[in-house]
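Working through the structure, step by step
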Amino acid sequence: MRLEKCWFCSSTVYPGHGIQFVRNDAKIFRFCRSKCHKNFKMKRNPRKVKWTKAYRRLHGKDMTQDSTFEFERKRNRPERYDRNVTENTLKAIKKIDKIRVDREERHIAKRMKGNKAKEQREATKELEQSIHMVKAPSVLFKEPSLTLPTKVKVLQKQSEENRMEE
Amino acid sequence: MAASSSSSRLVRAVGRSLFSGLCNNADGLMRSTHKMMCNHLLFQQQRTFIQMRTSLKVVDNSGAKRVACIQALKGKKGARLGDTIVCSVKEAQPGGKVKKGEVHYGVVVRAAMPRGRCDGSEVKFDDNAVVLINKHGEPIGTRVFGPVPHELRKKKHVKILSLAEHIA
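Described in the following lines is the structure provided in the data block. Worth saying up front: this structure is predicted, and the values here are computed from it rather than measured.

Of the regular secondary structure elements, chain B holds three helices and nine strands. Start at the N end of chain B and walk to the C end: the helices and strands fall as α-α-β-β-β-β-β-β-β-β-α-β. In chain B, buried positions account for 45% of the 168 residues. Just so you have it, chain B exposes about 9400 Å², and 56% of that area is on carbon and sulfur atoms.

Below, the discussion takes up the nonpolar core. Counting residues in each nonpolar core, the largest one holds 22 residues, and the members touching the most others are Ile 50, Leu 56, Ala 64, Val 67, Ile 85, Val 130 and Leu 132 of chain B. Counting residues per element, the ones that place at least two in this core are strand E1 (55-58), strand E2 (64-72), strand E3 (84-92), strand E6 (122-125) and strand E7 (129-133) of chain B. It is E2 of chain B that provides the largest number of residues to this core, a total of four residues. Judged by nonpolar contacts, the second largest core, of 13 residues, contains Trp 7, Phe 21, Phe 31 and Val 49 of chain A.

Another aspect to go through is a nonpolar patch on the surface. Residues and elements named next belong to chain B. A contiguous nonpolar surface patch, about 290 Å² in accessible area, is contributed by Met 52, Ile 70 and Val 103. With respect to the helices and strands, the residue Ile 70 is situated in strand E2. For Ile 70, a relative accessible area of 34% puts it in the partly exposed group.

In this section: the sheet that holds E2 of chain B. Residue and element names in this part refer to chain B. Pairing is mixed around the closed barrel formed by five strands, whose spatial order is E1-E2-E3-E4-E7. Neighbouring strand axes in the sheet, compared pairwise and without regard to direction, differ in orientation by 55° on average. Across three bridges, the pairing between E1 and E2 is antiparallel. The residue of E2 that forms the bridge with Leu 56 is Val 67.

Checked against the element boundaries, Ile 160 of chain B lands in helix H3 (residues 158-163). When the C-alpha atoms of Ile 160 of chain B and Thr 142 of chain B are compared, they prove to be 9.0 Å apart, with 18 residues separating the residues in sequence.

Bringing the pattern of salt bridges into the picture now. Tallied over the full model, the rule gives 14 salt bridges over all chains. A salt bridge links Lys 155 of chain B to Asp 83 of chain B, with the shortest nitrogen-to-oxygen separation between them at 3.2 Å. Taken as a pair, Lys 155 of chain B in the loop between strand E8 (147-148) and H3 and Asp 83 of chain B in the loop between E2 and E3 lie far apart in primary sequence, 72 residues in all. Given the relative accessible area of 27%, Lys 155 of chain B is considered partly exposed. Salt bridges linked by common partners bring Lys 53, Arg 56 and Asp 62 of chain A together as one network.

Moving on, we get to helix H4 (residues 115-130) of chain A. With 16 residues, H4 of chain A extends 22 Å between its outermost C-alpha atoms, agreeing within 8% with the 22 Å of an ideal straight helix rising 1.5 Å per residue. The buried fraction of H4 of chain A is low, at zero of 16 residues.

A word on the environment of Pro 46 of chain A. As for its placement among the helices and strands, Pro 46 of chain A is situated in the loop between helix H1 (34-41) and helix H2 (53-58). Here the alpha-carbon distance between Pro 46 of chain A and Trp 7 of chain A, two residues 39 residues apart in the chain, equals 8.6 Å.

Rules used throughout
Residues numbered from 1 in each chain as written. Chains lettered and ligands numbered in written order. Predicted model: local features only at pLDDT ≥ 70, side-chain atom pairs only at ≥ 80, totals over all residues. Heavy atoms only, no water. Helix = DSSP H or I, 4+ residues; strand = E, 2+ residues; numbered from the N terminus. Buried < 20%, exposed > 50% of the residue type's maximum accessible area, 1.4 Å probe, protein only. Areas by Shrake-Rupley, 256 points an atom, 1.4 Å probe, with all protein chains shown as cover. Core = buried A, V, L, I, M, F, W, Y, C linked by side-chain atoms within 4.5 Å. Patch = residues over 30% accessible without salt bridge, like charges linked within 9 Å, V, L, I, M, F, W, Y side chains within 5 Å. Salt bridge = Lys/Arg side-chain N within 4 Å of Asp/Glu carboxyl O. Pairing = 2+ DSSP bridges. Axes fitted to C-alpha atoms, helices over the stretch in contact; angles between N-to-C directions. Expected span 1.5 Å × (residues − 1).

Put into structure tokens, the structure is as follows:
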């Protein structure tokens, strides 16, 4: 029994699922569900469709090079059954899966690292530039609480000094 | 046009370097798909049962080129992948074993209509094709071209399977 990969979205096709199309040159296209099959019939390129694995890999959204993918590779030589090997394999599957998930998480975290600061910067800029659309500048001048807090520390120090003198 | 083609080539090159053998969708696929798409635009096979007057390609060296189904030997609506039909030869090569106008039995070795497999998945092919057999169930020709489904074994057409180039 072999778990094949969907031609369109690269997900696993379990036995009894999906449809396969055999072209006249005997190339087999396997599809995991009718969604992928329909997209194939519409002649869409999986590299240009955003939800496919091919697109995500091509655009650096997913991990592409990792040693954990080696275990999932297609092998054409059948393995002779050995109870111990099978037992170890079953144990290793969980471990490898965990490592892969961790690495993928790390990959995404790395990709998203600069985003929060960037958003904050952009928001600040927008607030500074277009606050006049919400409140007239004259009102802002009277009521400084509407502007962003900037360098209040210096003022506090001065007031403390004043108190000391008193 | 030239600009677009060059840019697509560039994209492909970038893709190849990124994929670097890890992806199961090999690069060759993409190019071959394109070729196939062009084929599809030219000719799209109707996806129905093989019934009266269905024209089928003959994929052996019996001499016939095209046959028309005149009777399906199984099924109320018509024949499907792996079924036997009676067909009349519409086009034949000169000097072949089979002449135009003759009536023969044939096994449907490829059908555009999806056929369920024993595990619940489905299989379909590019076109409707047939291999001519005699009344004892032996193929008339000595070669079979293109892919054939492994379901033929269940239908006891082992000879066709052994002659076939590819088994899907």
